[in-house]
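Read off the chains here:
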There are 2 protein chains.
Amino acid sequence: MSELALRRNPSLVTMIFERLETMILSGQLQSGEPINERALSQQFEVSRAPIREACRRLEQAGLVTIIENRGVFVREISKQAAHETYEIAHLLSIEAAKKATENVTDDDLARLRTLALRIEADASDNDLASYYTNNDNFHVELVRLGGNSKSAEVYRALNNELTLYRQRGLRRLPDFERSLAAHRRILEALEKRDRDAYVAALEAHSSNMTDRLLNLGV
Amino acid sequence: MSELALRRNPSLVTMIFERLETMILSGQLQSGEPINERALSQQFEVSRAPIREACRRLEQAGLVTIIENRGVFVREISKQAAHETYEIAHLLSIEAAKKATENVTDDDLARLRTLALRIEADASDNDLASYYTNNDNFHVELVRLGGNSKSAEVYRALNNELTLYRQRGLRRLPDFERSLAAHRRILEALEKRDRDAYVAALEAHSSNMTDRLLNLGV
DNA sequence: ACCGTGTCGATTGTCGACAATCGGCCATTA
DNA sequence: TAATGGCCGATTGTCGACAATCGACACGGT
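Model, not experiment: these values are computed from the prediction.

Asks: Please explain the overall build of chain A as it appears in this structure.
Replies: When helices and strands are counted, chain A shows 10 helices and three strands. Secondary structure elements of chain A, listed N to C terminal, follow the sequence α-α-β-α-α-β-β-α-α-α-α-α-α. Computed over the C-alpha atoms, the radius of gyration of chain A is 19 Å, within 12% of the 17 Å expected from 2.2 N^0.38 for a compact globule of 218 residues. In terms of principal-axis extent, the alpha carbons of chain A reach across some 55 × 40 × 35 Å. Expressed as a percentage of contacts within chain A between residues at least 6 apart in sequence, the contacts between residues at least 24 apart total 72%. Entry remark: accessible area of chain A is about 10,600 Å², with carbon and sulfur atoms responsible for 46%. Side-chain charges in chain A split into 30 positive and 33 negative, and the spacing between the mean points of these groups amounts to 3 Å.

The following block contains the structure:
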């Protein structure tokens, strides 16, 4: 009687989807890696049907590729696809930034500061998976400040896809100091409600990210 | 032995997904309407499993809502969600426009002209479903001219979601003349490779679309 | 030694059955 | 008459089984 089998609310499909999504985004399942229904069925102690359904959702979310009669594979993202995806994410991020400084509340700032502290702790602990998760959440929250929640949702989805590309370079440590400094600049500009400084800080951070993506070439 | 049962390549899931997607986007299945697995299973002469899997994809694509133990319903989009979605689609459209006039080829123009002619025929025939389909394709092609194919893909997905909202006003005819005139202006600017005129034509068309969305209020 | 063909095993795709869930309807009580 | 509770039927969620598919490996022929 596994943990999954005990939890009957929400549905197995939802739980499996979330579990697999986490395994993919955390790097536990790597790009190109097969996802074996039978093995998962045994591991999770459920039948294959809810696993298949969860994989269909993952497929549509762009996180896996289902090859007919061959199986499910964690998706591989090409350099070009990564650039295109990043470009859209960046566009959404900058567009949200235009309204962020007028929308931001003290609660927002508190939440972002908490996140930034977590990211710094992750960097100290060299906990890369947690670092990226909290980093992603930080950026999604920034987009949410633009006041368009659909935009934050789309940004999240794009970012998830980008995680697949980025994890090819997980052996290479991020430039922690540079990123943390960028986060602090972003937060300072937000606290001052200084729109131009905020947009500039985001752009500078983004420029750094683009360089890193380029250096992950095929 | 139904048409679906004969076609074994691609998979049933893919075929059912596409079939349901078309039924939803064409208005054959309306927002809020239940999608009954058993009935579909009988209609399509397949078992429920591939239908369920297709519905999971539709769920992730934002076209249906799956309520546990209750069933699958074509998604209902609120006015606010529609606005937010439209805002992102518009942003992608304008961003693509910035590069469209330098990227566009004669083949592109020929394809777009063909589409525009189809749209005009649809308007003459009062074939609303086809009108919107071709109209959507026209706009996706415009975004594709920006050179970022992921952007076109995201735009398509957003536009599909917007279709759910827009179909609530299907009883109200579009302003054909105004739209067709706008399409012609867009095409002319593209043919001249006049970037400013092109962006202005898109903005004007978009302004008209925003007004129409507002008038579909809850 | 290399190439082509056939077979087998692992896995996937779909099927139909069973159990669980929920809403609607009916009966009873206040 | 209205409200509440219980039951039943329709539908969904998951299960396990069967058939189909594909790739790898082995064998035979050139």
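Asks: Looking at this structure, I do not really get the protein's contact with DNA strand C. What am I missing?
Replies: DNA strand C sits among 21 residues. The nearest are Arg38(A), Arg48(A), Arg52(A), Leu12(B) and Ser47(B). In DNA strand C, the atoms that sit within 4 Å of the protein are 75% sugar and phosphate, with bases accounting for the remainder. Here a phosphate oxygen of DNA strand C and a backbone polar atom of Leu12(B) are 2.7 Å apart. Contributing elements (two or more residues each) for the surface near DNA strand C: α3 (37-44) and α4 (48-60) of chain A together with α2 (12-25) and α4 (48-60) of chain B. Considering every element that reaches the surface near DNA strand C, the biggest residue donor is α4(B), with four residues. Taken together, the residues of the surface near DNA strand C break down into six nonpolar, six polar and nine charged.

Asks: Would you explain the interface of chain B and chain A in this entry?
Replies: Interfaces are often sized by the accessible area lost when the parts come together. In this complex, chain B contributes 30 residues to the contact, which on the side of chain A involves 30 residues. Summed over both sides, the interface between chain B and chain A buries roughly 2,600 Å², with carbon and sulfur atoms accounting for 50% of that surface. Looking only at chain B, the three residues that lose the most surface to chain A are Arg56(B), Gln60(B) and Lys150(B), adding up to 23% of its buried area. Seen at the junction of chain B and chain A, the total is eight salt bridges. For Arg52(B), the salt bridge goes to Glu53(A), with nearest N and O atoms at 2.8 Å. The interface formed by chain B and chain A contains 18 residue pairs in polar contact (both at pLDDT 80 or more). For the side of chain B that touches chain A, the secondary structure elements donating two or more residues are α2, α4, α5 (79-103) and α8 (149-166) of chain B. If you tally residues by element for the side of chain B that touches chain A, the top one is α5(B), at eight residues.

Asks: Help me out: how do you make sense of the UniProt feature "domain: HTH gntR-type" (unreviewed entry) in chain A in this one?
Replies: Annotation from UniProt places "domain: HTH gntR-type" (unreviewed entry) at residues 10-77 of chain A. Along residues 10-77 of chain A the backbone is 51% helical and 15% strand, and the end-to-end C-alpha distance reaches 31 Å.

Asks: Honestly, the domain arrangement of chain A in this entry has me stumped. Any pointers?
Replies: All names here are of chain A. Along its sequence, chain A is carved into domain 1 (3-74) and domain 2 (79-214). Contacts between the two partners involve 11 residues from domain 1 and, on the opposite side, six residues from domain 2. With both sides pooled, the region where domain 1 packs onto domain 2 buries about 710 Å², and carbon together with sulfur makes up 52% of that total. The largest share of the area that domain 1 buries against domain 2 comes from Leu25, Ser31 and Leu63, three residues that together contribute 49% of it. Between domain 1 and domain 2 we count two residue pairs in polar contact (both at pLDDT 80 or more) in total.

Asks: How should I be thinking about the side chain of Ser41(B) in this particular structure?
Replies: Structurally, Ser41(B) can be placed in helix α3 (residues 37-44). Apart from the residues lying within four places of it in its own chain, the contact partners of Ser41(B) are Val46(B), Ser47(B), Arg48(B) and Ile51(B).

Asks: Would you mind showing me how to read the sheet that holds strand β3 (residues 71-74) of chain B here?
Replies: Through backbone hydrogen bonds, the strands of a sheet pair up, either in parallel or in antiparallel fashion. Residues and elements named next belong to chain B. Spatially, β1-β3-β2 is the arrangement adopted by the three strands of the open sheet, whose pairing is antiparallel. One side of each edge strand has no neighbouring strand; the edge strands of this open sheet are β1 (34-35) and β2 (64-67). As paired strands, β1 and β3 are joined by two bridges and run antiparallel to one another. Among the inter-strand pairings, Ile35 is bridged to a residue of β3, identified as Val72. Along the sheet, α4 makes contact with β2 and β3, crossing β2 at roughly 115 degrees.

Asks: How do you make sense of the environment of Gly27(B) when you look at a structure like this?
Replies: Along the polypeptide, Gly27(B) turns up in the loop between α2 and β1. C-alpha separation for the pair Gly27(B) and Leu164(B), spaced 137 residues apart in sequence, amounts to 8.1 Å.

The rules behind each value
- Residues numbered from 1 in each chain as written.
- Chains lettered and ligands numbered in written order.
- Predicted model: local features only at pLDDT ≥ 70, side-chain atom pairs only at ≥ 80, totals over all residues.
- Heavy atoms only, no water.
- Helix = DSSP H or I, 4+ residues; strand = E, 2+ residues; numbered from the N terminus.
- Rg over C-alpha atoms; globule rule 2.2 N^0.38 Å.
- Contact = heavy atoms within 4.5 Å.
- Areas by Shrake-Rupley, 256 points an atom, 1.4 Å probe, with all protein chains shown as cover.
- Lys, Arg positive; Asp, Glu negative; His and termini not counted.
- Charge placed at Lys NZ, Arg CZ, Asp CG, Glu CD.
- Near = heavy atom within 4 Å.
- Polar contact = N/O pair within 3.5 Å; in protein donor to acceptor, adjacent residues only side chain to side chain.
- Nonpolar A, V, L, I, M, F, W, Y, C, P; charged D, E, K, R; others polar.
- Buried area = accessible area lost by both parts, 1.4 Å probe.
- Salt bridge = Lys/Arg side-chain N within 4 Å of Asp/Glu carboxyl O.
- UniProt positions renumbered as here; feature names shortened; annotations may be inferred.
- Domains from an automatic or database assignment.
- Pairing = 2+ DSSP bridges.
- Axes fitted to C-alpha atoms, helices over the stretch in contact; angles between N-to-C directions.

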